[in-house]
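# Understanding the architecture of this molecule
Listed below are the residues making up each chain.
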Amino acid sequence: MDWDLLKIDQPSNTWEFMQRGIHKQDDLEDYNGAIADYRQSIAMNNLANKTCQLVTAPPPASGKLDPPPCMFTVRLRL
């Protein structure tokens, strides 16, 4: 994913913070900035505060999961 192509001025959700962190880490070599974005992403998508869940079965017919699934990419990057 190319952060510049996303045309996002300021991240507003956990996925956007993760993507910007990846951009900072991989493209800009801004490791402190990447860590800050990864930590913000995790704060917004965290099993401990019930803002995400581990998915162990197919989603409901609506396809919506509440809370959303936990993202592991950001955790692996951090």
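In this text, all values refer to a predicted model and were calculated from it rather than measured experimentally. (Residues numbered from 1 in each chain as written. Predicted model: local features only at pLDDT ≥ 70, side-chain atom pairs only at ≥ 80, totals over all residues. Heavy atoms only, no water.)

What follows is about the overall build of the protein chain. In terms of helices and strands, the protein chain carries four helices and zero strands. Starting at the N terminus, the α and β elements of the protein chain follow one another as α-α-α-α. Counting only C-alpha atoms and orienting by the principal axes, one finds that the protein chain spans roughly 40 × 25 × 20 Å. Burial status across the protein chain gives 31% buried among its 78 residues. Sequence-distant contacts, at least 24 apart, represent 34% of the contacts inside the protein chain between residues at least 6 apart. Taking the average location of the 8 positive side-chain charges in the protein chain and that of its 10 negative ones, the two points are 9 Å from each other. (Helix = DSSP H or I, 4+ residues; strand = E, 2+ residues; numbered from the N terminus. Buried < 20%, exposed > 50% of the residue type's maximum accessible area, 1.4 Å probe, protein only. Contact = heavy atoms within 4.5 Å. Lys, Arg positive; Asp, Glu negative; His and termini not counted. Charge placed at Lys NZ, Arg CZ, Asp CG, Glu CD.)

With 15 residues, helix α2 (residues 14-28) ought to run about 21 Å at 1.5 Å a step, and its terminal C-alpha atoms sit 20 Å apart, in line with that. Two or three places before Trp 15, at the opening of α2, Asn 13 has a side-chain oxygen 3.1 Å from that residue's backbone nitrogen. A positive backbone phi angle near 55° is found at Glu 29, which sits one or two residues after α2. (Expected span 1.5 Å × (residues − 1). Polar contact = N/O pair within 3.5 Å; in protein donor to acceptor, adjacent residues only side chain to side chain.)

Another aspect to go through is the nonpolar core. Core analysis: the largest hydrophobic core is formed by seven residues, namely Met 18, Ile 22, Ala 34, Tyr 38, Ile 42, Met 71 and Val 74. For this core, the secondary structure elements donating two or more residues are α2 and α3 (31-44). Excluding residues within four positions of it along the chain, Met 71 makes contact with Thr 14, Trp 15, Met 18, Ser 41 and Asn 45. (Core = buried A, V, L, I, M, F, W, Y, C linked by side-chain atoms within 4.5 Å.)

Applying the stated criterion across every chain yields a total of one disulfide. There is a disulfide in this structure between Cys 52 and Cys 70, and the S-S distance comes to 2.0 Å. Between Cys 52 and Cys 70, the S-S torsion sits near 80°, and that sign places the bridge as right-handed. You can see Cys 52 sitting in the loop between α3 and α4 (73-77) and its partner Cys 70 sitting in the loop between α3 and α4, a full 18 residues away along the chain. Cys 70 shares its class with Cys 52; the two are buried. (Disulfide = S-S within 2.5 Å.)

Quick look at a nonpolar patch on the surface now. A surface patch of nonpolar side chains, amounting to about 450 Å² of accessible area, comprises Leu 47, Leu 54, Phe 72 and Leu 76. Note that Leu 47 resides in the loop between α3 and α4. (Patch = residues over 30% accessible without salt bridge, like charges linked within 9 Å, V, L, I, M, F, W, Y side chains within 5 Å. Areas by Shrake-Rupley, 256 points an atom, 1.4 Å probe, with all protein chains shown as cover. Salt bridge = Lys/Arg side-chain N within 4 Å of Asp/Glu carboxyl O.)

Our focus in this paragraph is the side chain of Arg 20. You can see Arg 20 is positioned in helix α2. Setting aside residues up to four positions removed in sequence, Arg 20 forms contacts with Trp 3, Gln 10, Pro 11 and Asp 37.

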